[in-house]
Structure formats: C-alpha cells, structure tokens
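Listed here are the chains, written in short residue letters.
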Amino acid sequence: MKILKFGGTSVGSENAIRKVAEIISRQKQQVVIITSAVGGVTDQLVKIGELAAKADERYEVLLSKLVTLHKELYLSLTGKKPDENFHQIILELQEICKGVELIKELTPRSFDYILSIGERLSSLILNDFFIVEGLDIQLFDSRFIIKTDDNFGNANVEFAETNKRIKEAKKSFKRINLFPGFIASNNDSVTTTLGRGGSDYTAAILAAALDVEEFEIWTDVDGLMTADPRIVKNSKVIEHVSYEEAMELSHFGAKVIYPPSIHPALSKGIPIRIKNTFNPDHHGTLITKEWDENKELIRGISSIKSVSLVTLSGSSMVGIPRFSSRLFKALSLAKINVILITQSSSEHSISVSIDVKDAKKAELVLTDEFSESIRSKKIDPIEVENGLSILALVGSNMRNQVGVSGQMFNVLGKNGVSIKAIAQGSSERNISAVINQTDLDKALNVLHESFFQYVTRRINLFIIGTGNVGKAFIDQLTQQFSFLKVNHQLNIKIIGVANSRKMKFNKNGIPLSKWESVLNTGDTYSENEFLDNMYSMNLRNSIFIDITASENIASLYQQILQKSISVVTPNKIAATGSYTDYLALKASSKKFRSKFYFETNVCAGLPVLSTLNDLVRSGDQINQIEAVLSGTLVYLFNEYDGSTKFVDVIKKAKKLGYTEPDPRLDLFGSDVKRKILILIRESGHQFEYEDIVLESFLPESCLKTSSLDDFYAQVEKEEEHFLNLYKNAQSNNTRLKVVATYKNGKGSVKLKAIETSHPFYNLDGKDNIVLFYTNRYKEQPMVIKGAGAGADVTASGIFADVLRISQSDL
C-alpha cells in the first residue's frame, strides 16, 4: 500500500486534477489519497472569516466567488452540476459565516469549521470526478477517523483512538481511498484542524498507522532543491536525503514539507518521496532514515528571507543564571517562535532570530520582562535589528569534516557579505548564519557555486572603456566564452559596459556578440550612475575593469574595493599616486577581501608583476631592476633609421595602437616613470613619482607644446636632433633604448646607447624586457621579455587578471 498526498497546487485547476487522476490510475497497488484544499482557497476562507467577524459585507462577495470557483470546477470535471452533498457543505459555510457576522466574533472553534470547508469541497470534487472516470474509489471523512483534543487551530492527535479508527476504516478500503487532509474532530465530534502542514500530517498519520511501503508528497516542484530556484538559477533537485537533512532544509525555508507534520512517518522509518504533479516521471527526492556517506558534503543551502535579530546583552549577565530561561519563557508566553539561537562564550549576550512580524512584540515583552535590570543599567536596552536573512548549509556528511565553516565564511567574506550571527548544532548537520537581507541573493549563489562541483561559477564584469584595448578584451572573451564554460566551469558575463558617451546594464548579461549595438541604445554615461547601478545589483564575484587613462575613474577604486568588488586595470594612475594612497588601496583590497590587479600597468600582457610578487612573497629581496618598459619607444627607435621622419614614425605607431591615446605620454617619459615606480613599489620599497630622475631625449621645444598637433609640428622641426641621435648610435655600433633603472635606492629613466653584448640590444619590434637582480639572482638576473605594447597583448593581460581572480579560491 502507498500513501499519496496532493497539495493545493496539485488540485488547483481542472488541468491539475486531471493530472492527479492520471497519476492515480497508473498506480499498481492499493493507494490512500490525501488532498489539500484547492490552491489559494484556505487563504480565502481566512479572509472570509475575518471580514465576517467585522460585519464587513465584503465577505459575502468573497464567499460567492469561492462558491463559483468550486461549482465551475465540479462542472468542468464531472460534466454535471454539483449534487446535494456539495450544496450542503456550501450551506453550512454560509450559515456559520452569518452567525459570525451577527455576533461579531470569530472563535477558534468557528474558525476551524470555516477552514475545514476547503478540504471537504476538494475531496468531494475529486471523488465524484474519479467515479466519472471509472476509478474504484471510496471517500472517507477524516473527521470521523482522526480524533484530537480541543486545541482548535492546532489540535493534538489522540493516537490510540485514531489508530484504532484507521484500522477499522481499512476494512472497507477499495483500490483507491480518498481522505481530506488537515481536518479532524474532538471526542464530541466537533470539527478541529491540525494546524500548519495539516494535510501532510494527515497523510503521515495514515502512513504510520497503515505501515505503508512509501509516502509520496505531490506538489508543484520536482523535489527538494540544492537552493531556492527563484534565487539560484542553477540549483538542482536533491535525489536523496536523510530525514534529519530534510527537516533541517525545511526548517530554514525549503517549504515542500513541514517537519512536525511528517514525524509519524519518520518514527516508523517509512520512506517519503517528494514528486511533481506536473512532471510525474521525474524521480523526485527520496527521504529515508539512512543516507549515502559517499555523496556530496553539502546536501543543500536553505534560507529564510525576512527575520529580525533580537539581542539581550549586558556585563551583569556574566555568570548569572536564569537570564536565558527568562528570555525564552517570555517569548514562549507571547507565542513568538525562535528560529535561531546564538550566545557568546563570555555570556555577555544572547541573540535570537525571529520572524520579522514578531519583532515589535518581542521588543515589548522582553523590555517588560527585564525592565528593572534595564532601568538599573545592569543590562542594555533590548536591541532589535531588522532587514536580515538566515542562510544555512545542510548536510549530514559535514560531521567530522574539517574546513566546511572555513570555506563558507571565506567565500562570504570575499564577496563582502557581513555575518551578524552564527549557529551550529552539535549534530554538525547545519551551519547557519544571519546576514543582511540585501546580501541574500549574492550569498546563496556564491555558496552554491563553491560547494557544488557541477555548478558553473558566474563572474560578473563591469567595464568602463571600449577603445582599442576594451574592444580587444571583449573580443577575446567572446572567443573563449564557451571554452571557459566547458573546461573551467566559468560563466563570465558582462553586466555593465560604458564608454565616454553611453552606458548599458543587464543583470542577466549583455550579449557578447552584439555588445556594441546594445551599448549604443544605452543611457548617457555618468560615473555616479554607473557606480550606483553596480552597487545596487550587489552581484557575487563582481569585477570592475577600468580600461581608460582617466584620473577620475582611478580615484574611484578605493570605494569600489571597499564594496568587496575587485578591480582590474591597465590604468597606471592609481598605482602611481602618492605612496600613502597606494598603500591605502592595498589595505582596502586586503580588508574587504577584494582584489586589486594591475598586471598590465607594466609591459602589457607580460607576467612581470605576478612574477615579481611571487619572488617577494617567497622571501627574495629585489636589489636592482633594469628595464625597457615602453614598447612604443622600442618600436620608434627600432623603426627610425632616418629614411622616414621621426614624426611620421610616431604617427604610424599611434595608428597601430602601440601608443597611449596621446603619444606625448610615451615620449615625454612619464609613462615609463610610472612603470618603474610600480616595479619599485611592488618590490617592497617606499618610493614616490618625484623620486625618479627623468632625462628626456626630446628637445625643450617639444616638451613645451600645448596640443598634440603642436607637438607633431615641433618634432618635425627638430628632425635633425633625432637624426643625430640615430647616427651617433650607429657610428658606435650601439642601439638606442629608453632604460628605466632602480639601483642603490635610486630610480632613473633615460635614453641609453646599448652595446651589442647587452640583453637590451636585440629587442625587436615593440618588445619589452625586465631584468630582476635579487638575492637569488645575483650574477645572472631573472629575465622577462616579450611584446610590451598593442591592444591584443594588453587585453590578454587584463583577461589573465580576470581569470586569476575568478579562480583565486577554487
């Protein structure tokens, strides 16, 4: 024998009920069916009762609509008008509502009778429809079978009498046996209800008494999920959980089952399966006493969206008994349910999480309970914090597994999720945390990605700057998107993109193949609005990418890092500001668990800074740096041979994308100064931009130009100067390179004639080269060499930083 319980959505429409009939007709063995009220009807009955008690005539309108709903359902299913049994139930409802209206009082007893109508009507409709369908069915009135005490609204079952009546009813069972859920009666045959989860409770009571093979709960989802699918889009159905895991998940938000209601089945060890009425072939979730210890560490992540945290604190609480008992007694008497409890080991404070609707009442009753201690300042005033949520990791396999809580808090910390309170039971099946409600979506998604290996990790990018490098980066991302998703489980989305004119946002991701046309439809660009949008989305794994040379945007990094959003940039301004500001950016990155990566500040895509960081972190000391850091200047002096004017070589380099938007930044030497400054600072030395001596190779007239056109004109006038530099180098069999040096605590940038024996001599095209002389590399320096300019290589360096952040805690 098998028990099948169908929830409100499963009997909420003609189509749904026909699906129920199909499911039942496919059963091979004898079955017991328990039905809830038609979806939404119980809430309507609550409203009808409340309005009737106020003598508000609107209840009659709602009652009429409710009657019409059931009549139409009956007619569409059976093909005939409702019979006298149907009308008798409606008449009873009308009469009791009229009585409530007249005396303007809704007693618990009357309220139970009104609420019972939903299940009585739905079971009658199902029974008559199944008869029309030719099914062998017997309808039972649960009020004659399940006996309770007089605790109306949440009656306690008298199991001895109930089990006796179930066994007696079994004697008249047919192949299909239908019971309305939720309803019962006391010893005087007065209607009672079983409270929240009452239909599940009815089913569990029958399952235990009949000792059935399996107890199925049919609803509108495929089973218990690894997380709330409305928030975590890639959540999956949990195939198998233990009773304890199911109860933990349900307590913290997985509303498919209500733990107390399934206890009778649990006590008998009866397997429970969650199934979807609208997807009946899906395997669903099996709940059993045992669980597979070789399966996932975490079974699921559950949550409660809106809670309040109530805190009792004070130094006088330490070592004094009865504070806890008084707190819980006061809440219990006020009928306030406690969801989570945490107490500091110092005994200085106790915090409890409760439903947000009970927050004000809890504050009042606790203030009253501890009024004398608060007045005498032995304890602090009751503190209530609203706007919070609870999330919980659930899994029996967490027991004795090291590092679960560490991983949880690490992942939340890296995404800027502040934890207000923590609780873990001694069973180690659950780790719960109270967080800001605004962080719930982000927290659930990032934890789900961290603990479930099959999950693709989503990375959310916010990009400012769509010039040559920006376009190249997005092109590379587009080309690699599928590869990263399949081979590295990374789903990298551009959520926001902007240039100096327009900005566009899409929380689900801007289509990579048509980002330019989408951007053109965007809003007018505003720095503040861009940041506001990024912050308000509050997405997990967010990375801000600045692909500009803007000082204004660089000034934003500090606040962005403090929002636990990582920053990737080829913009050198932030890392070369004052040493104090540089340290502040590093400190914010560390404090707020965000990353500040600027590999492309030096030598474009070459792994210079990452290599340098590895040397320093491993304990090596950087003693001397020699470097050619401008691919632009290498290209200019390699390309220039006097046959073409120097100014034309500059223009060609700009056209090829080898220069900054304004080539003067390259030729004046300020760009190289910034790069050597970054290398010096990343080596662990305190240094300022002004400390670096720059000897320009440009004539004074070129340095004093006010515009790019004026600069070009002056360079052309000084052609003889550049030709002489070239000829002098040629006559000495040397080549010209602008060299940045750090040695003996001093930094410099100047044009040097490089001899044939030096590693710099054979630099080709736009190559860069860096020599690190360290305690480990004394005689033979560490050499890093390669292309150091160009949109593609710079974009690849940005891409590498993004991937480094994306995989930093995997």
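Residues numbered from 1 in each chain as written. Predicted model: local features only at pLDDT ≥ 70, side-chain atom pairs only at ≥ 80, totals over all residues. Heavy atoms only, no water.

A.B. asks: Just to check I follow, could you spell out the side chain of Q476 for this structure?
C.D. replies: For Q476, the location among the structural elements is in helix α15 (residues 468-488). Excluding residues within four positions of it along the chain, Q476 makes contact with D792, A795, S796 and F799. (Helix = DSSP H or I, 4+ residues; strand = E, 2+ residues; numbered from the N terminus. Contact = heavy atoms within 4.5 Å.)

A.B. asks: How do you make sense of empty space enclosed by the protein when you look at a structure like this?
C.D. replies: Gaps left between atoms are located by rolling a probe of water-molecule size over the structure's atoms. If you walk through the whole model with that rule in mind, you get 2 cavities of 30 Å³ or more. Contributing to the lining of the largest cavity are 15 residues, with K414, N415, N541, S566 and I805 lying nearest its centre. Secondary-structure elements contributing two or more residues to the lining of the largest cavity are β17 (457-464), β21 (542-546) and α29 (791-806). Of the residues assigned to the lining of the largest cavity, the class counts are 3 nonpolar, 7 polar and 5 charged. Taken as a whole, the second largest cavity encloses approximately 60 Å³ of empty space. If you go around the second largest cavity, you meet 13 residues; those closest to its centre are G669, L694, F697, V738 and V749. (1 Å grid on protein atoms, 1.4 Å probe; cavity = no way out; pocket = protein on both sides within 12 Å on 5 of 7 lines; lining within 4 Å. Points joined across faces, edges and corners; volume = space filled by probe spheres on them. Nonpolar A, V, L, I, M, F, W, Y, C, P; charged D, E, K, R; others polar.)

A.B. asks: Help me understand the layout of surface pockets in this model?
C.D. replies: Considered as a void within the structure, the second largest pocket measures approximately 890 Å³ in volume. What lines the second largest pocket is a set of 39 residues, among which V469, A549, T659, E660 and P661 lie closest to the centre. Elements with a contribution of two residues or more to the lining of the second largest pocket: α15, α22 (631-639), α23 (646-655), α24 (664-667), α25 (670-682) and α29. Of all the elements, α25 adds the most residues to the lining of the second largest pocket, at 4 residues. Partitioned by chemical class, the residues of the lining of the second largest pocket number 13 nonpolar, 18 polar and 8 charged.

A.B. asks: Quick question: what am I supposed to make of the pattern of salt bridges here?
C.D. replies: Any two side chains of opposite charge can pair if their charged atoms end up close together. Counted under the stated rule, the structure contains 28 salt bridges. With a shortest N-O distance of 2.9 Å, R230 and D228 are connected by a salt bridge. By sharing partners, the salt bridges in this structure join K572, D671 and K675 into a single network. (Salt bridge = Lys/Arg side-chain N within 4 Å of Asp/Glu carboxyl O.)

A.B. asks: Help me out: how do you make sense of the pairing of strand β4 (residues 176-180) in this one?
C.D. replies: It is a general feature of regular strands that their side chains alternate between the two faces of the sheet. Within β4, 5 of the 5 residues are buried, which leaves it mostly tucked inside the rest of the structure. Taking every second residue as pointing to the same face, both faces of β4 are buried, with I176, L178 and P180 on one and N177 and F179 on the other. Two strands pair when backbone bridges link them, and strand β2 (residues 31-35) and β4 are joined in this way by 5 bridges, in the parallel orientation. Paired with V31 across the strands is I176, a residue of β4. Where the polypeptide runs from strand β3 (residues 137-139) across helix α6 (residues 159-170) and back to β4, its parallel neighbour, the crossover connection is right-handed. (Buried < 20%, exposed > 50% of the residue type's maximum accessible area, 1.4 Å probe, protein only. Pairing = 2+ DSSP bridges. Right-handed = clockwise from strand over helix to strand, strands pointing away.)

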